[in-house]
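Architecture at a glance
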Amino acid sequence: MSDSHISIQSVHKIFQTDDKEVIALKDINLEIPRGQFVCLLGPSGCGKSTLLNAIAGFSLPSSGEITTEGRPVTAPGPDRGMVFQEYALFPWMTVEKNIAFGLEIKGMAAGEIATRVEALLRKLGLFDFRHRFPKDLSGGMRQRVAIARILALDSPILLMDEPFGALDALTRRNLQDELLRIWAELGKTVIFVTHSIEEAIYLADRIVVMTYRPGTVKRDLIVDLPRLRDPASADFNALKRELGQLVMEEQQRHHTAELAAAVD
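Basis of the calculations
- Residues numbered from 1 in each chain as written.
- Predicted model: local features only at pLDDT ≥ 70, side-chain atom pairs only at ≥ 80, totals over all residues.
- Heavy atoms only, no water.
- Helix = DSSP H or I, 4+ residues; strand = E, 2+ residues; numbered from the N terminus.
- Rg over C-alpha atoms; globule rule 2.2 N^0.38 Å.
- Buried < 20%, exposed > 50% of the residue type's maximum accessible area, 1.4 Å probe, protein only.
- Contact = heavy atoms within 4.5 Å.
- Areas by Shrake-Rupley, 256 points an atom, 1.4 Å probe, with all protein chains shown as cover.
- Lys, Arg positive; Asp, Glu negative; His and termini not counted.
- Charge placed at Lys NZ, Arg CZ, Asp CG, Glu CD.
- Disulfide = S-S within 2.5 Å.
- Pairing = 2+ DSSP bridges.
- Axes fitted to C-alpha atoms, helices over the stretch in contact; angles between N-to-C directions.
- Parallel < 35°, antiparallel > 145°, perpendicular 65-115°, else oblique.
- Left-handed = near helix turned anticlockwise from the far one by under 90°.
- Nonpolar A, V, L, I, M, F, W, Y, C, P; charged D, E, K, R; others polar.

Some thoughts on the overall build of the chain
What the chain contains, in helices and strands, is seven helices and ten strands. Over its C-alpha atoms the chain spans a radius of gyration of 19 Å, differing by no more than 12% from the 18 Å that the globule rule assigns to 264 residues. Considering the chain as a whole, with its 264 residues, one finds that 48% of them fall into the buried category. The long-range fraction of contacts in the chain, counting pairs at least 24 apart against all pairs at least 6 apart in sequence, stands at 69%. When the accessible surface of the chain is summed, it comes to about 12700 Å², and 54% of that surface belongs to carbon and sulfur atoms. For the chain, the distance from the average site of its 31 positive side-chain charges to the average site of its 35 negative ones is 3 Å.

Some words on helix α1 (residues 48–56)
By the criterion of burial, α1 is predominantly enclosed, with seven of the nine residues buried. Of all the positions in α1, only K48, T50, L51, L52, A54, I55 and A56 are classed as buried. Once α1 ends, the next one or two residues include G57, with phi positive near 90°.

As for the state of the cysteines
Enumeration over the complete set of coordinates arrives at zero disulfides. C39 forms no disulfide, and the closest cysteine sulfur to it belongs to C46, at a distance of 13 Å. According to the relative accessible area criterion, C39 is buried, its value standing at 0%. Residue classification places C46 among the buried positions, given a relative accessible area of 0%.

Describing the sheet that holds strand β9 (residues 206–210)
Taking strand neighbours across the sheet as the criterion, the six strands line up as β6-β7-β8-β3-β9-β10 in an open arrangement whose pairing is mixed. Of all the strands in the sheet, the pair left with one neighbour each is β6 (80–83) and β10 (217–222). For this sheet the average axis-to-axis angle between neighbouring strands, irrespective of direction, equals 15°. One ladder, built from four bridges, connects strand β3 (residues 37–41) with β9; its direction is parallel. If you follow L40 over to β9, its bridge partner there is V208.

As for the sheet that holds strand β1 (residues 4–16)
Here four strands make up an open sheet; going across it, the order is β2-β1-β4-β5 and the pairing antiparallel. On the outer flanks of this sheet lie β2 (21–33) and β5 (71–72), each paired with one strand and no other. Note: β1 against strand β4 (residues 63–68), five bridges, orientation antiparallel. Residue pairing in the sheet places Q9 in a bridge with E65 of β4.

So, unusual backbone geometry
The peptide bond linking R213 to P214 adopts the cis configuration, its omega dihedral lying at 0°. With respect to the helices, strands and loops of the structure, P214 is situated in the loop between β9 and β10. Cis geometry is adopted by the peptide bond preceding L228, which originates at R227 and carries an omega value of -10°. Relative to the helices and strands, L228 resides in the loop between β10 and α7 (234–263). At S10, a position not held by glycine, the phi torsion is positive, near 50°. We classify S10 as partly exposed; its relative accessible area is 36%. Phi is positive for E69, close to 50°, though the residue is something other than glycine. Note that E69 resides in the loop between β4 and β5.

Describing the environment of V38
Position of V38 among the secondary structure elements: in strand β3. By relative accessible area, V38 is classed as buried at 1%. Separated by 114 residues in sequence, V38 and A152 have C-alpha atoms that sit 22 Å apart. Residues within four places of V38 in sequence aside, it is in contact with I32, V190, I191, F192, R206 and V208.

With respect to the packing of helix α2 (residues 95–106) against helix α4 (residues 139–152)
With their axes 8 Å apart at the nearest point, α2 and α4 run at an angle of 30° to one another. By the criterion of interaxial angle, the relationship of α2 to α4 is roughly parallel. Where α2 crosses over α4, the handedness of that crossing is right-handed. For the pair α2 and α4, contact is made by V95, N98, I99 and L103 and by V145, A148, R149 and A152, respectively. Along the lines of polarity and charge, the residues of the contact of α2 with α4 split into six nonpolar, one polar and one charged.

Right, dumping it as structure tokens:
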């Protein structure tokens, strides 16, 4: 436990609706070492984003505890950077101003901000677009800016909630490769939410499959495939079939629950 960068211990999350309680997470226990790339995988309604938001400090557990480097998570903090599926850029700011914004809020010296922003612009292929506004960029370029803005803060933990879900297949693969390059270079601890089995296998050191509500850990497995991974390989597809069966079981539980609710 002392080696864990993120420790999730007996976490439950209950939401109160108008007429009932909804158990979103139940008895989640995970120990995530520094520098590991973890994907949370499962169908809609399994609590992936709820767990990510709890780690981020946006929504605290109903019971249990989450710690980072031994410190309890009680609110959002500078050690955790969050990237959403929606790009959440300021439309009135240029690319470089969007990336610099968090550093300016922190009160960093202007010269240091300029140096850090330029390095990220070059690292993510954004330098030629630094004076553009978000409306002038493609979806993939906007997501690059969102990632650069989080990387500028140099948080050791990177939390990503389906950040490539709205992108076309080619742009998605390009950004996956870019993310892997940055992760390998910077040594961030990454927790990445996805509903794509192929994306999880392509990216992760470790895949945590979650059950349909209440969200629990159905399977926690290490992806023992060499990088860069070939989605056409026999080993990749064997793991894809195994994970597909696990997720399909939970998807079926989801449909069954929906049908039962409709009958009631």
